[in-house]
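Close look at the chain arrangement
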Amino acid sequence: MPPATWEEGASLPAGIGDRPLTEIRALAAVACPDSTAIVDHGGRGGNASHLTHRSLDLLVARWAARLASEGVTPGSLIGLCAGAEIAAPVGFLAILEAGGAVVPLDPSLPAGRLGALAAGVGCRMILVSDATEQAIDGGRLLNLSGDSADHPRVAVPSDPERAAVVYHTSGSTGRPKPVVLSHRALSSRIRSMIDWFGIAPGEVVCAG
């Protein structure tokens, strides 16, 4: 039986989304700690950098603990305004690890609009980087380019039905509307894409 596409939800294997991305990431850190997890080419003329699965695990754990120390609890909505840089996946995974839900904010949008989108869904704070800190107008910011500091590691019970991501529609027919994606839906989509494209350990996938 050929693998299902992510559009064919009815034909996906039962239970494919039961294991959240946070758990899958942690398993990868144990199975292949020294393999490359993320490569950041630094843009034009920039210096390339990379993270192994072990270093990604440590960074995500530290920032998740920092978020918990800042009052992030399961279900908290946290904005993420980062470009094509390591801060984006680190921030995304750290928010999920702390039990929060990611609200992606495109740094290319006007600052006022980003602030309005974050305020409209009640973001507790917004994660930024040095490259995007000036892109936001208003809100409580936490810079991922800084030091996460030391805090006790957090362990939030997984819940496949808890909100993982809150996207906004384009707003082409009016005001942008928030759309909630659960952990089950997010994990199902990504795992079905991996199956469909036949992505194996050690292979490289480009992301913009």
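Above this text sits the structure in question.
Report follows, based on the coordinates. The structure displayed is predicted, hence computed values, not measured ones. Counting from 1, residues in each chain are numbered in the order their sequence is written. Only residues with pLDDT of 70 or above have their local features reported here, since the model is predicted, and side-chain atom pairs are shown and tallied only from 80 upward, although totals for entire chains, interfaces and linings are computed over all residues. Note: side-chain values were computed over all heavy atoms of the structure, leaving out hydrogens and water.

Thoughts on the pattern of salt bridges
When the charged atoms of two side chains lie near each other, side chains of opposite charge can form a pair. Defined as follows: Here a salt bridge means any side-chain nitrogen of Lys or Arg lying within 4 Å of a carboxyl oxygen belonging to Asp or Glu. Here a strand is any run of E in DSSP of at least two residues, a helix any run of H or I of at least four, and the numbering for each starts at the N terminus. Only protein chains enter the area calculation, which uses a 1.4 Å probe; residues under 20% of their type maximum are buried, those over 50% are exposed, and those in between are partly exposed.
Throughout the structure, instances matching the rule amount to 10 salt bridges. Close ionic contact of aspartate 34 with arginine 54 constitutes a salt bridge, the shortest N to O distance being 2.3 Å. Of this pair, aspartate 34 sits in the loop between helix 1 (21–31) and strand 1 (36–40) while arginine 54 sits in helix 2 (residues 53–69); the two residues are 20 residues apart in sequence, bridging distant segments of the chain. Note on aspartate 34: relative accessible area 57%, which makes it exposed. According to the relative accessible area criterion, arginine 54 is partly exposed, its value standing at 40%. Across the pair arginine 184 and glutamate 161 runs a salt bridge, and its minimum N-O distance is 2.6 Å. Residue arginine 184 is located in helix 5 (residues 183–197), and its partner glutamate 161 is located in the loop between strand 6 (141–143) and strand 7 (163–168); the two are separated by 23 residues in the primary sequence. What emerges from the salt-bridge pattern is a single network uniting Arg25, Asp57, Glu97 and Arg153.

Here we look at a nonpolar patch on the surface
Our working rule: Residues qualify for a patch when their relative accessible area is over 30% and they have no salt bridge, like charges being joined within 9 Å and the nonpolar side chains of Val, Leu, Ile, Met, Phe, Trp and Tyr within 5 Å. All accessible-area figures derive from a Shrake-Rupley calculation using a 1.4 Å probe, and residue coverage is judged against the displayed protein chains alone.
On the surface, a nonpolar cluster with roughly 460 Å² of combined accessible area is contributed by Ile194, Trp196, Phe197, Ile199 and Val205. Relative to the assigned elements, valine 205 resides in the segment after helix 5.

A few points about the environment of arginine 162
Here is the rule we go by: Whether two residues are in contact is decided by their heavy atoms: any pair within 4.5 Å suffices.
Positionally, arginine 162 belongs in the loop between strand 6 and strand 7. With residues near it in sequence (within four places) discarded, arginine 162 still touches Pro74, Gly75, Gly99, Val156, Pro157, Ser182 and His183.

From the geometry alone we can't say anything about function, so treat these as descriptive.
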